[in-house]
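# Coordinate inspection notes
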Amino acid sequence: MAFLADALSRVKPSATIAVSQKARELKAKGRDVIGLGAGEPDFDTPDNVKQAAIEAINRGETKYTPVSGIPQLREAIAKKFKRENNLDYTAAQTIVGTGGKQILFNAFMATLNAGDEVIIPAPYWVSYPEMVALCGGTPVIVSATQENNFKLQPADLEKAITDKTKWFIFNSPSNPSGAAYSYDELKALTDVLVKYPHVWVLTDDMYEHLTFGDFKFVTPVEVEPTLYDRTLTMNGVSKAYAMTGWRIGYAAGPLELIKAMDMIQGQQTSGASSIAQWAAVEALNGPQDFVAKNKAIFEGRRDLVVSMLNQAKGISCPNPEGAFYVYPSCKGLIGKTAPSGKVIETDEDFVTELLETEGVAVVHGSAFGLGPNFRISYATSEDLLEEACRRIQRFCNNCK
Ligand SMILES: Cc1ncc(COP(=O)(O)O)c(C=O)c1O
């Protein structure tokens, strides 16, 4: 009898964590490495949020909380959905988890039976297919293309829907591509979804606040209110408020689903950290100027990175609408010989050679289900980004 569960054979370790680990190891050996693999803002959590946590500790808010979250945070979440997305949810229809990750996992855990299919557009965030598989479901990957700016086409969504489809996962702005769907682009997808009432929508709005220029963020229920009864709208404070380590994510949706997720969480972690929940109340209810300031900084970095990458021989980099990632193609380098003498056959070869030769750590596109591409996280200083892009240009020039 095997000791480890069969479910483990269905999952892979996270490629993004593996890249960060490799970069750390090279650094520890004294190599000059620029890490562009991590998916977290390089800013500090705003002071008012930190202060709210300190005050919560001093008030003694250090005990177990209700499983779905403290009432003050669930009220703040309901208000956020009304204020920013024009969605009507009561506090009872919301749930707070230990990061958006827990929300997603528990939504799958609460709903998936063996054979249930979950449609995941590629390129996708690495955890979606793995979570679906761990929970016994079947990931159905539907590819977008770089020509369509990595956006899923409605006909391809429709082709992927079967009687077994339980969820469609939507993520805009996207990790890893940074692509964000406009109102019309999203409406074209929701027009397909309204025809299939058995398909639920899980929208991961984690990067909502990071869109650039005059792009206007939209979420599925806002665009198609009839999806309200079969959509879970997920969000969190990690990316918008530079709070990745606080581990607070949240969602709103139909009461029956929220109750099922509450039951699972009650036998799992119970409520999220009491202190972090009070910090999240301040993040959602307090001043929002931090968000706009950081968005402007990210936009400047995106412009720099896109422009420099498009000057690298063999690289083509679309200009994404949001998040803090770019997802350039390295197709022009496939078949070339790297300075080490190795022939680059895949995007994984490309990122490995780039790291070994120039000390720049990025993540290969095949880890996100679409290549040959690679993901750069530009959540680091302009100086470092400029230096990293110069090294990428040099590496590409030296591939023959
Ligand atoms: C698309 C997407 N969804 C969800 C998450 C999870 O965020 P957290 O668990 O930090 O709230 C991440 C984090 O990288 C992400 O990129």
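Criteria and thresholds
Residues numbered from 1 in each chain as written. Predicted model: local features only at pLDDT ≥ 70, side-chain atom pairs only at ≥ 80, totals over all residues. Heavy atoms only, no water. Helix = DSSP H or I, 4+ residues; strand = E, 2+ residues; numbered from the N terminus. Rg over C-alpha atoms; globule rule 2.2 N^0.38 Å. Buried < 20%, exposed > 50% of the residue type's maximum accessible area, 1.4 Å probe, protein only. Contact = heavy atoms within 4.5 Å. Areas by Shrake-Rupley, 256 points an atom, 1.4 Å probe, with all protein chains shown as cover. Lys, Arg positive; Asp, Glu negative; His and termini not counted. Charge placed at Lys NZ, Arg CZ, Asp CG, Glu CD. 1 Å grid on protein atoms, 1.4 Å probe; cavity = no way out; pocket = protein on both sides within 12 Å on 5 of 7 lines; lining within 4 Å. Points joined across faces, edges and corners; volume = space filled by probe spheres on them. Nonpolar A, V, L, I, M, F, W, Y, C, P; charged D, E, K, R; others polar. Expected span 1.5 Å × (residues − 1). Phe/Tyr/Trp six-rings, centres within 6.5 Å; stacked < 30°, edge-to-face > 60°. Lys NZ or Arg CZ within 6 Å of the ring centre and 35° of its normal. Polar contact = N/O pair within 3.5 Å; in protein donor to acceptor, adjacent residues only side chain to side chain. Near = heavy atom within 4 Å. Pairing = 2+ DSSP bridges.

## A short note on the overall build of the protein chain
Regarding its fold elements, the protein chain presents 13 helices and twelve strands. Relative to the 2.2 N^0.38 estimate, which gives 21 Å for 400 residues, the radius of gyration of the protein chain is 21 Å and therefore close to what a compact globule would have. Along the longest, intermediate and shortest principal axes, the C-alpha atoms of the protein chain span 60 × 55 × 50 Å. Out of the 400 residues in the protein chain, the part that is buried amounts to 56%. Sequence separation of 24 or more characterises 75% of the internal contacts of the protein chain that already satisfy a separation of 6 or more. Surface summary for the protein chain: the accessible area is close to 16,700 Å², and the carbon and sulfur share equals 54%. Treating the 40 positive side-chain charges of the protein chain as one cloud and the 47 negative ones as another, the clouds have centres 3 Å apart.

## Focus on the layout of surface pockets
Considered as a void within the structure, the largest pocket measures approximately 960 Å³ in volume. Taken together, 42 residues make up the lining of the largest pocket; nearest its centre are Thr16, Ile17, Lys101, Trp125 and Ser127. At the level of elements, α1 (15-28), α4 (99-111) and α5 (127-134) are the ones that each hand at least two residues to the lining of the largest pocket. No other element matches α4, which puts seven residues into the lining of the largest pocket. Looking at the lining of the largest pocket residue by residue, the class counts come to 18 nonpolar, 15 polar and nine charged. Considered as a void within the structure, the second largest pocket measures approximately 350 Å³ in volume. Surrounding the second largest pocket, 17 residues form its lining, Lys27, Gly35, Leu36, Gly37 and Ala38 being those nearest its centre. Contributing elements (two or more residues each) for the lining of the second largest pocket: α1 and β1 (34-35).

## Description of helix α3 (residues 71-85)
Over its 15 residues, α3 extends 21 Å from the first C-alpha to the last, a length consistent with the 21 Å expected when each residue adds 1.5 Å. Looking at α3, one finds that the buried residues are Leu73, Arg74, Ala76, Ile77, Ala78, Lys80, Phe81 and Asn85. Elements that come into contact with the buried residues of α3 comprise β2 (94-97), α8 (220-223), β7 (231-236), β8 (249-252) and α10 (274-285).

## Brief notes about the packing of aromatic side chains
Taken as a whole and assessed by the stated rule, the structure comprises 17 aromatic pairs. Note on Phe168 and Phe170: the rings are 6.3 Å apart at their centroids and 40° apart in plane angle, and the pair reads as tilted. For the residue pair Phe168 and Phe170, the accessibility class agrees, reading buried in each case. With a centroid separation of 5.5 Å and an interplanar angle of 80°, the aromatic rings of Tyr207 and Phe324 are classed as edge-to-face. One end of the pair, Tyr207, is in the loop between β6 (200-204) and α8; the other, Phe324, is in the loop between α11 (289-310) and β9 (325-326), with 117 residues separating them in the sequence. For Phe324, a relative accessible area of 0% puts it in the buried group. Ring-pair connections join several aromatic residues into one group, and the members of that group are Phe43, Tyr207, Phe298, Phe324, Tyr325 and Tyr378. Lying across the ring of Trp278, Arg59 places its NZ or CZ 4.8 Å from the centre.

## Thoughts on empty space enclosed by the protein
Under the criterion given, the structure shown has three cavities of 30 Å³ or more. Approximately 150 Å³ is the volume attributed to the largest cavity. Considering the residues around the largest cavity, the lining is formed by 17 residues, among which Pro121, Pro123, Asn171, Ser174 and Tyr181 are closest to the centre. Counting only elements with at least two residues in the lining of the largest cavity, the list comes to β3 (117-122) and β5 (165-171). In terms of residue class, the lining of the largest cavity is made up of 13 nonpolar, four polar and no charged.

## Details of the side chain of Asn171
Take Asn171: it is sitting in strand β5. Side-chain polar atoms of Asn171 contact the backbone oxygen of Pro173, separated by 3.3 Å. For Asn171, the side chain forms a polar contact with the main-chain nitrogen of Asn175, separated by 3.1 Å.

## Overview of the site of the ligand
Every one of the 13 residues lining the ligand counts as a neighbour, but Gly100, Asp204, Tyr207, Lys239 and Arg247 are closest to it. Here an oxygen atom of the ligand and a side-chain polar atom of Asn175 are 2.8 Å apart. In the environment of the ligand, a nitrogen atom lies 2.5 Å from a nitrogen or oxygen atom belonging to the side chain of Asp204. Across the complex, the protein chains shield 93% of the 400 Å² of accessible surface that the ligand would expose by itself. The element contributing the most residues to the shell around the ligand is α4, with three residues. Its residues assigned to classes, the shell around the ligand shows four nonpolar, five polar and four charged.

## What to know about the sheet that holds strand β12 (residues 374-377)
Within the open sheet, the three strands sit side by side as β9-β12-β11. Their pairing is antiparallel. One side of each edge strand has no neighbouring strand; the edge strands of this open sheet are β9 and β11 (363-364).

## Thoughts on the environment of Asn171
Its relative accessible area of 12% is what places Asn171 among the buried residues. The sequence separation of Asn171 and Pro372 amounts to 201 residues, and the corresponding C-alpha distance is 21 Å. Discounting residues that sit within four places of it in the chain, Asn171 has contacts with Tyr128 and Asp204. A polar side-chain atom of Asn171 sits 3.0 Å from the main-chain carbonyl oxygen of Asp204.

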